[in-house]
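# Coordinates in review
Given next are the chains, with one letter for each unit.
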Amino acid sequence: MADNNNQQLQIELKPEVAEGTYSNLAILTHSSSEFVADFIQMMPGMPKAQVRSRIIMAPEHAKRLLMALQDNVRKYEQQFGAIRLTQAQQEEGRTIAPFSIKQGEA
């Protein structure tokens, strides 16, 4: 039986993925067997917001992601100071980008 405890996971990051994708809105949904995270880009004056990426994961992985995000936000705030939200965002539990969608010309 092979001992997998001493092996390091090798991760490949392709250049086109390393560039990243900007998102300022995430919509999260779930069923009994999976969580779905749609990462969306909303831009002021644009009538439509586009889903840029969809990630589907098992509930256990979603909880691990939550814990990793909490840990990283805590570390970020220790190093750079508190991340400020407006009073309205804090009271409403608002999770969307801080601008409203208005009809406009691009």
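To start, this report covers the structure provided alongside it.

A separate point is the overall build of the protein chain. Of the regular secondary structure elements, the protein chain holds three helices and three strands. In sequence order, the protein chain lays out its α and β elements as α-β-β-β-α-α. By residue count, 11% of the 106 residues in the protein chain fall in the buried class. Long-range contacts, defined as pairs at least 24 residues apart, comprise 31% of the intrachain contacts of the protein chain with a sequence gap of at least 6. For the protein chain, the exposed area adds up to about 9600 Å²; of that, 53% sits on carbon and sulfur atoms.

Among the seven residues in strand β2 (residues 35-41), five count as buried, and that is most of the element. The antiparallel pairing of strand β1 (residues 25-30) with β2 creates a hairpin that spans four residues between the two strands.

Mapped onto the elements, Ile56 comes out in strand β3 (residues 50-57). Sequence-wise, Ile56 and Ala37 are 19 residues apart; in three dimensions their C-alpha atoms are separated by 6.4 Å. Sequence-distant contacts of Ile56, that is, excluding residues within four places in its chain, are made with Glu34, Phe35 and Val36.

Sheet architecture is open: three strands sit in the order β1-β2-β3, paired in antiparallel fashion. Strands at the two margins of the open sheet, each flanked by one partner only, are β1 and β3. Here the average twist between neighbouring strands, direction ignored, is 20°. With six bridges joining them, β1 and β2 adopt antiparallel strand pairing. Counted as the bridge partner of Ala26 is Phe39 from β2. Across the sheet, helix α2 (residues 59-80) touches β2 and β3, and the angle it forms with β3 is around 115°.

This part is about the packing of aromatic side chains. Tallied over the entire structure, the rule returns one aromatic pair. Taking 4.9 Å as the distance between ring centres and 45° as the angle between the ring planes, the aromatic pair formed by Tyr76 and Phe80 counts as tilted. Taken as a pair, Tyr76 and Phe80 lie in helix α2 at a separation of four residues, close to a single helical turn. Here Phe80 falls in the exposed class, since its relative accessible area comes to 54%.

Structurally, Asp38 can be placed in strand β2. Among the polar contacts listed, one links the side chain of Asp38 to the side chain of Arg54, at a separation of 2.6 Å.

Further remarks concern the pattern of salt bridges. As enumerated under the stated definition, the model contains three salt bridges in all. Between Arg74 and Asp71 there is a salt bridge; the shortest N-O distance is 2.5 Å. Within this pair, Arg74 and its partner Asp71 are both found in helix α2, separated by three residues, close to a single helical turn. The partly exposed category is assigned to Arg74, whose relative accessible area is 42%.

About the cut-offs
Residues numbered from 1 in each chain as written. Predicted model: local features only at pLDDT ≥ 70, side-chain atom pairs only at ≥ 80, totals over all residues. Heavy atoms only, no water. Helix = DSSP H or I, 4+ residues; strand = E, 2+ residues; numbered from the N terminus. Buried < 20%, exposed > 50% of the residue type's maximum accessible area, 1.4 Å probe, protein only. Contact = heavy atoms within 4.5 Å. Areas by Shrake-Rupley, 256 points an atom, 1.4 Å probe, with all protein chains shown as cover. Pairing = 2+ DSSP bridges. Axes fitted to C-alpha atoms, helices over the stretch in contact; angles between N-to-C directions. Phe/Tyr/Trp six-rings, centres within 6.5 Å; stacked < 30°, edge-to-face > 60°. Polar contact = N/O pair within 3.5 Å; in protein donor to acceptor, adjacent residues only side chain to side chain. Salt bridge = Lys/Arg side-chain N within 4 Å of Asp/Glu carboxyl O.

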